[in-house]
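# Structure assessment
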Amino acid sequence: MTTAEDFQNGQILLIDKPLNWSSFQAVNKLKYALINKVGLPKKFKIGHAGTLDPLATGLLLVCTGKFTKRISELQGQAKEYTGTFYIGATTPSYDLETEIDENFPISHIDEALIYETVKQFLGEIDQKPPIYSAIKKDGVRLYEHARAGETVEIATRKTTIHEFEITRIALPEIDFRVVCSKGTYIRSLAYDFGKALHSGSHLTALRRTKIGDYNVENAVDVIVFESLL
């Protein structure tokens, strides 16, 4: 049984974030469960090591107490994702948060082209974050600019794709597995991959399966964790 003192001294909780929950909501739910069920003080420290979008599921590392000092170290570790690209259409957010804004041909795309295109994205690449992201520009989050209909110039950033595997092709859908560095946007990878295929693409499913040596197979749902306290 993990005690209040254990949580204060530091724990890393492996949480399987549900669909449509923000990472903040998941951490908040855990915080109040620990306050109400374990008796931790309202000001005890808790935080996560790497945001997952509400439309993504999977591994969220939550640090408590003294282990919140390890958050930046954990954020720097390689991450593994699985998911689905929808080929032939784009959305402004590069995922299902917004409606399709443009359609593209896919009749020229075959397996050979897909596997050849993957090679372009291995190693260090330049990537532009989505306009619908939480990065700040002039003190305002990009998604706030986007929702206000404002056009913003976004700088590219270096990121590294360590592994990029295609696991299923059933056009217009392509399933993938990616291992990447901190700061990689899989939504941007979806968009750029579509462009490289001389078509369009957006992300329709995303699951984070690993952060460093931590695996989602060992994670528990937020509600299940609460019930176990």
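Just so you know, the residues in each chain are numbered from 1, in the order the chain's sequence is written. Given that the model is predicted, a residue must reach a pLDDT of at least 70 before its local features are reported, and side-chain atom pairs must reach 80 or more before they are shown or counted; all residues, however, enter totals for whole chains, interfaces and linings. To get the side-chain values, take all heavy atoms of the structure and skip hydrogens and water.

## As for the pattern of salt bridges
Rules: The rule for a salt bridge is simple: a side-chain nitrogen of Lys or Arg has to be within 4 Å of a carboxyl oxygen of Asp or Glu. Secondary structure counts use DSSP, requiring at least four H or I residues in a row for a helix and at least two E residues in a row for a strand, with both numbered from the N terminus. For the exposure calls, accessible area comes from a 1.4 Å probe over protein chains only, and a residue counts as buried if that area is under 20% of its type's maximum, exposed if over 50%, partly exposed in between.
Counted by the stated rule, this structure contains 12 salt bridges. Between Asp126 and Lys158 there is a salt bridge, and its shortest N-O distance comes to 3.0 Å. In this pair, Asp126 is assigned in strand E7 (residues 123-127) and Lys158 in strand E10 (residues 157-170), connecting sequence segments 32 residues apart. The class for Lys158 is exposed, based on a relative accessible area of 54%.

## Digging into the state of the cysteines
One covalent bond between the sulfur atoms of two cysteine residues makes up a disulfide. Stated precisely, the cut-off is as follows: Whenever a pair of cysteine sulfur atoms sits within 2.5 Å, that pair is classed as a disulfide.
Within the structure shown, the criterion is met by 0 disulfides. The closest cysteine sulfur to the non-disulfide-bonded Cys63 is located on Cys180, 19 Å from its own sulfur. Taking relative accessible area as the criterion, Cys63 reaches 0% and is therefore assigned buried. Cys180 sits in the buried class, given a relative accessible area of 1%.

## What about the packing of aromatic side chains?
Here a ring pair, both rings aromatic, is described through the centre-centre distance and the interplanar angle of the planes. Applied cut-off: Aromatic pairs are defined between Phe, Tyr and Trp rings, using the six-membered ring for Trp, whenever the two ring centres lie within 6.5 Å; interplanar angles under 30 degrees are classed as stacked, those over 60 as edge-to-face, and all others as tilted. Placement of a positive charge over a ring is assigned whenever Lys NZ or Arg CZ falls within 6 Å of the ring centre and within 35 degrees of the normal to the ring plane.
Counting across every chain of the model gives 7 aromatic pairs. Plain terms: the ring middles of Phe85 and Phe176 are 4.3 Å apart, the flat faces sit at 20° to each other, and that makes the pair stacked. Here Phe85 is found in strand E4 (residues 79-87), whereas its partner Phe176 is found in strand E11 (residues 173-180), with 91 residues between them in sequence. The buried category is assigned to Phe85, whose relative accessible area is 0%. Centroid distance Phe85 to Phe193: 5.6 Å. Interplanar angle 40°. Geometry classified as tilted. With Phe85 in strand E4 and Phe193 in helix H6 (residues 186-196), the pair connects residues that are 108 residues apart, well separated along the chain. Three or more aromatic residues link up through ring pairs in this structure, and these residues are Phe85, Phe121, Phe164, Phe176 and Phe193. Sitting above the plane of the Phe67 ring, Arg70 keeps its charged end 5.3 Å from the centroid.

## Topic: H6
Counting buried residues in H6 gives 8 out of 11 residues, a clear majority hidden from the surface. Every buried residue belonging to H6 is among Ile186, Arg187, Ser188, Leu189, Ala190, Phe193, Gly194 and Ala196, and all of these are buried. Following H6 by one or two positions, His198 has its phi on the positive side, about 60°.

## Observations concerning the nonpolar core
Grouped burial of nonpolar side chains is what soluble globular proteins tend to show. The criterion, for reference: Think of a nonpolar core as a cluster: buried Ala, Val, Leu, Ile, Met, Phe, Trp, Tyr and Cys residues, connected wherever their side-chain atoms sit within 4.5 Å.
Formed by 25 residues in total, the largest nonpolar core has its most connected members in Phe85, Phe164, Phe176, Val178, Ile186 and Phe193. Looking at this core, the elements that each hand over two or more residues are E4, helix H4 (111-118), E10, E11, H6 and strand E12 (201-211). Sorting elements by how many residues they give to this core places H6 first, with 5 residues. Within the second largest apolar cluster, 15 residues are counted, among which are Ile15, Ile35, Ile46 and Leu60.

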